[in-house]
Amino acid sequence: MIPKNHPRYESLILREKIKEAHKKGYLTDSGMIAHGRGEAFDYLIGEKTMPPANEAIKVAVATLIQAKNSVISVNGNSTELDIDEFIELAKNTDSKIELNLFYRNKKRVEIISKLYKDHGYENLLGIDDKKIRYIDNIDSPRATASEEGIYKSDVVLVSLEDGDRAEVLVDSGKKIIAIDLNPLSRTAKMANITIVDNIVRTIPLMIEYAKKLNSKDESQLKELISDFSNAKNLNESLKYMELSKLSKS
Ligand code: ATP
């Protein structure tokens, strides 16, 4: 039992959740390591949403709302940490949700599909092996996508993503929004819009923005999107991390 007054209570609760999901069999050993890497970066940013991340979140939501066929890609970690929030975000941005597992197996797919159903979401994509296709005919497990979801999408939101898949998605001409606590990762650098923040803070903020931006007209959304530079935003995040690190010493 973690005492509520522990200075790192929230972070330790997340760690417990990740351990639970691992025990239940739908989160891999590598998923735990990826979480640990995220924790380290979250520590450096002070476990708060930085101003540049907030800016990227706004642009990301406008991009999802503007998309013709937007898809939120989920895996074991993101499901464990944010399942209800992903479902809510999908509703508010008219996006689909698709499962993509680095280490895909039948058991993991079954457990995660059931979780989405239990949380009231019936349309999870990417769970039927027979309907999986390869993006641009690249015969790699990282290029798999469901026909009606990522394969046909114009915008994909990814989190806890690996650089190889991000590259395949970007090269196929899709607009990629990445949520990644590491601003130096290949995914963060490759994506069109990178939100350097923890998904547990980002997704609720995205839902709030979606509710506000849904009433904006197309030209206002376009203006928001066109002013954004991912390279600039990543640099601002890096500068911010440096400062917050010094303020801790
Ligand atoms: P790349 O191939 O893009 O360089 P990587 O090999 O570092 O990435 P993984 O080890 O798969 O990728 O880790 C996934 C990424 O997710 C890491 O950069 C980590 O910082 C980030 N991450 C982990 N937990 C979270 C979280 N809760 N919210 C946002 N990002 C997270």
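Residues numbered from 1 in each chain as written. Predicted model: local features only at pLDDT ≥ 70, side-chain atom pairs only at ≥ 80, totals over all residues. Heavy atoms only, no water.

The name recorded for the protein in an unreviewed UniProt entry is 4-phosphopantoate--beta-alanine ligase, from Candidatus Methanobinarius endosymbioticus. Here the protein is described in UniProt, under the heading Subunit (unreviewed entry), as follows: "Homodimer." (UniProt positions renumbered as here; feature names shortened; annotations may be inferred.)

Colleague: I keep staring at the packing of helix α4 (residues 76-93) against helix α8 (residues 199-213) and nothing clicks. Help me out?
Modeller: How two helices pack is summed up by the angle between their axes together with the distance between the axes. In the contact formed by α4 and α8, the axes pass within 9 Å of each other and the chain directions differ by 10°. Relative to α8, α4 is oriented roughly parallel. Contact residues: Ser78, Leu81, Asp82, Glu85, Phe86, Glu88, Leu89, Asn92 and Thr93 in α4; Ile199, Val200, Ile203, Pro204, Met206, Ile207, Ala210 and Lys211 in α8. Residues of the contact of α4 with α8, tallied by class, amount to ten nonpolar, three polar and four charged. (Axes fitted to C-alpha atoms, helices over the stretch in contact; angles between N-to-C directions. Helix = DSSP H or I, 4+ residues; strand = E, 2+ residues; numbered from the N terminus. Parallel < 35°, antiparallel > 145°, perpendicular 65-115°, else oblique. Contact = heavy atoms within 4.5 Å. Nonpolar A, V, L, I, M, F, W, Y, C, P; charged D, E, K, R; others polar.)

Colleague: Is there a simple way to explain the nonpolar core in this structure?
Modeller: Soluble globular proteins: nonpolar side chains tend toward being buried together. Of all hydrophobic cores here, the largest spans 46 residues; its most connected members are Ile97, Tyr116, Ile195 and Met206. Ranked by residue count, the leading element in this core is helix α3 (residues 51-66), at eight residues. Not counting residues up to four positions away in its chain, the partners in contact with Ile195 are Ala53, Ala56, Ile57, Ala60, Ile177, Ala178, Ile179, Asp180, Thr202 and Met206. The next biggest cluster of nonpolar side chains, apart from the first, holds twelve residues, and it includes Ile135, Ala143, Val158 and Ala191. (Core = buried A, V, L, I, M, F, W, Y, C linked by side-chain atoms within 4.5 Å. Buried < 20%, exposed > 50% of the residue type's maximum accessible area, 1.4 Å probe, protein only.)

Colleague: Even after reading the chapter, I still don't get the sheet that holds strand β7 (residues 193-195), so can you show me in this structure?
Modeller: The pairing of strands in a sheet comes from backbone hydrogen bonds and takes either a parallel or an antiparallel form. Taken together, the five strands give an open sheet; going across it, the order is β2-β1-β5-β6-β7, and neighbouring strands pair in parallel fashion. Each of the sheet's edge strands pairs with one partner strand only, and the pair in question is β2 (96-99) and β7. Here the average twist between neighbouring strands, direction ignored, is 20°. Across three bridges, the pairing between strand β1 (residues 70-74) and strand β5 (residues 155-159) is parallel. Of the residues in β5, the one forming a bridge with Ile72 is Leu157. In the packing of α3 onto the sheet, contacts are made with β1, β5, β6 (175-179) and β7, and the angle to β7 comes to roughly 130°. (Pairing = 2+ DSSP bridges.)

Colleague: Whenever I open this one, the packing of α3 against helix α9 (residues 218-226) confuses me. Can you help?
Modeller: Direction vectors running N to C along α3 and α9 enclose 135°, while the axes themselves pass 9 Å from each other. Compared by their axis directions, α3 and α9 come out oblique. Viewed along their axes, α3 and α9 form a crossing whose handedness is left-handed. Here Lys58, Val59, Ala62, Thr63, Ile65 and Gln66 of α3 come into contact with α9, specifically with Glu218, Leu221, Lys222, Leu224 and Ile225. For the contact of α3 with α9, the per-class residue count stands at six nonpolar, two polar and three charged. (Left-handed = near helix turned anticlockwise from the far one by under 90°.)

Colleague: Even after reading the chapter, I still don't get the UniProt feature "binding site: ATP" (unreviewed entry) in the protein, so can you show me in this structure?
Modeller: In the numbering used here, UniProt assigns the "binding site: ATP" (unreviewed entry) feature to Arg15, Arg37, Asp180, Leu181, Asn182, Arg186, Thr187, Asn198 and Ile199. Spatially, the listed residues are scattered: they cover 185 residues, and their C-alpha atoms lie as much as 24.3 Å apart. Residue placement: Asn182 occurs in the loop between β6 and α7 (186-190). When neighbours within four sequence positions are excluded, Asn182 is seen to be in contact with Phe41 and Ala188. The residue Thr187 is located in helix α7 in this model. Ignoring sequence-local partners within four residues, the contact set of Thr187 consists of Glu161, Asp162, Gly163, Ala166, Ala178, Asp180 and Thr194. A distance of 3.3 Å separates the side chain of Thr187 from the backbone oxygen of Glu161, its partner in a polar contact. (Polar contact = N/O pair within 3.5 Å; in protein donor to acceptor, adjacent residues only side chain to side chain.)

Colleague: Teacher, can you tell me more about the pairing of β2 here?
Modeller: Sheet faces and side chains relate simply in a regular strand, where the side chains alternate between the two faces. Here β1 pairs with β2 via four bridges, running parallel. Counted as the bridge partner of Val74 is Leu99 from β2. Traced from β1 through α4 to β2, the parallel crossover comes out right-handed. (Right-handed = clockwise from strand over helix to strand, strands pointing away.)

Colleague: In this structure, what is going on with the environment of Phe86? I would like to understand it.
Modeller: Assignment of secondary structure puts Phe86 in helix α4. C-alpha of Phe86 to C-alpha of His22: the two residues are 64 residues apart in sequence and 20 Å apart in space. Beyond its immediate stretch of four places on either side in the chain, Phe86 contacts Ile72, Val74, Ser78, Ile97, Ser159, Ile199 and Ile203.

Colleague: I keep staring at the environment of Ala166 and nothing clicks. Help me out?
Modeller: Within the fold, Ala166 resides in helix α6 (residues 163-171). For Ala166, a relative accessible area of 2% translates into the label buried. A C-alpha to C-alpha distance of 7.1 Å links Ala166 and Ala191, two positions 25 residues apart in sequence. Once residues lying within four places of it in the same chain are set aside, the contact partners of Ala166 are Glu161, Thr187 and Met190.

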